[in-house]
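# Fold and geometry: a report
Below, each chain spelled out in residue letters.
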Amino acid sequence: MAARGGLLGLVLLLLVGAVPRGLGLYFHLGETERRCFIEEIPDETMVIGNYRTQLYDKQREDYMPATPGLGMFVEVKDPDDKVILSRQYGSEGRFTFTSHTPGEHQICLHSNSTKFSLFAGGMLRVHLDIQVGEHANDYAEIAAKDKLSELQLRVRQLIEQVEQIQKEQNYQRWREERFRQTSESTNQRVLWWSIVQTLILVAIGVWQMRHLKSFFEAKKLV
Amino acid sequence: MDGAPRPAALPRRRPAGRAGGAELTFELPESARQCFHEPLQRGLKFTLDFQVITGGHYDVDCYVEDPNGKTLYKEAKKQYDSFSHRAEVAGVYTFCFSNEFSTFSHKTVYFDFQVGDEPPILPDMSHRVTALTQMESACVTIHEALNTVIDSQTHYRLREAQDRSRAEELNHHVSYWSVGETVLLLVVSVTQVMLLKSFFTETRATTGAVST
């Protein structure tokens, strides 16, 4: 019992240790299934996505790294529904894009498998990690490139964070304006349609009376 | 529900970022359930925040299970919530969002799954033996404060997205209802006149038949 517990612990340690930091979270994807994620971001914001796939191996009854032939199709659409990234990556990949318009960007993933037997009725396990804005920065790389000391790097991180806050605030102002426009449009529509409907009601009433009056006069009942 | 003021979800004060986990917004189709899994070590504290952004009544079912299948958290039809737990068992933890109670409204759900503490920006920083200088302490304080600001912004962004979604829905409903009601009004009034005319026309025909 203790040996099994120890073995399980070891396996788990290997499992957790083997997974690159940040790629812990995973979900299951069917063969023809398409999973979409939405990122609402301000403009000029970099987004980095990392994913790793595993395929269920019936013989070993476990998930093993997928065959190199099995890739994932990544498609990114901007808020205007224009495709800004549409590429196929391998079983393990990293995609990057920078937003040029603020708003909801849609990141869609689906496998490129055309042979339905490839999955053998199983599911694909996809580990995914999406980093946005300041979180996407690789500080080790920045420190090496600009030769920054530890303190300078910390300050650099603060500057990046403040820039992200500024961008988000500008985006917030833009969103609030859209919201206000929608509310004002609703207000206008309610007012306009109330007036129009009252007029239609009155006009129909008048038409009904005149029409019936002429009808009855023709029938010599009035 | 719409009349009463909604209690605002408090901005969470996380311990400055995360080591694992993810922050994702995904689409949940009607009558569907989507699950996410994360392997965790024993003793790690994790927090799951979720909020429904668009769709239907802006609610979703959510449950969290530990590696042994024990339900740690289970709520139905929640608009937003936050759940914290310290992992007692090492293994794969599962959390699922279900829209199975809804037959025609697909939802957009945001969740933020945070695990543990934020790692330092340089790996060497964790091997530090001396205490932090005043400058470095100040930097750390500012960094944590900025993290709170960013969290707050995320919170407001989600609320705004939800409110805007409702406002746009209202706008559409007003349009459809106006057009629909005008059409209905015209149809009803014309039918009334036709029907009334038909009563008098029938009576004349019957009277004519009787007299001959």
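Residues numbered from 1 in each chain as written. Chains lettered and ligands numbered in written order. Predicted model: local features only at pLDDT ≥ 70, side-chain atom pairs only at ≥ 80, totals over all residues. Heavy atoms only, no water.

All right, on to the nonpolar core then. Counting residues in hydrophobic clusters, the biggest one holds 48 residues, and the most contacted among them are Leu24, Phe36, Phe46, Phe95, Phe97 and Phe111 of chain B. Filtering out sequence-adjacent residues up to four positions away, Phe97 of chain B remains in contact with Phe26, Leu28, Ala32, Arg33, Gln34, Phe50, Val60, Asp61, Cys62, Val109 and Phe111 of chain B. Listed in part, the 7 residues of the second largest apolar core include Tyr139 and Ala143 of chain A together with Ile121 and Leu122 of chain B. (Core = buried A, V, L, I, M, F, W, Y, C linked by side-chain atoms within 4.5 Å. Buried < 20%, exposed > 50% of the residue type's maximum accessible area, 1.4 Å probe, protein only. Contact = heavy atoms within 4.5 Å.)

Here we come to the state of the cysteines. Each disulfide is one covalent bond, formed between the sulfur atoms of two cysteines. Considering all chains together, one arrives at 2 disulfides over all chains under this definition. Here Cys36 of chain A pairs with Cys108 of chain A through a disulfide, and the sulfurs are 2.0 Å apart. Sign of the S-S torsion, about 105° for the bond between Cys36 of chain A and Cys108 of chain A, identifies this disulfide as right-handed. One end of the pair, Cys36 of chain A, is in strand 2 (residues 34–41); the other, Cys108 of chain A, is in strand 8 (residues 103–111), with 72 residues separating them in the sequence. The exposure classification of Cys36 of chain A matches that of Cys108 of chain A, with both residues buried. Disulfide pairing places Cys35 of chain B opposite Cys96 of chain B at an S-S distance of 2.0 Å. (Disulfide = S-S within 2.5 Å. Helix = DSSP H or I, 4+ residues; strand = E, 2+ residues; numbered from the N terminus.)

Contacts between the two partners involve 61 residues from chain A and, on the opposite side, 68 residues from chain B. By the criterion of area lost to chain B, the three top residues of chain A are Leu25, Arg154 and Phe179 of chain A, representing 11% of everything that side buries. The shortest N-O distance in the salt bridge between Arg164 of chain B and Glu40 of chain A comes to 3.3 Å. Looking at the side of chain A that touches chain B, the elements that each hand over two or more residues are helix 1 (2–18), strand 1 (26–29), strand 2, strand 9 (124–132), helix 2 (139–146) and helix 3 (150–218) of chain A. The dominant element in the side of chain A that touches chain B, judged by the number of residues it contributes, is helix 3 of chain A, at 35 residues. (Buried area = accessible area lost by both parts, 1.4 Å probe. Salt bridge = Lys/Arg side-chain N within 4 Å of Asp/Glu carboxyl O.)

Note that all results are geometric; they support no functional claim without further evidence.
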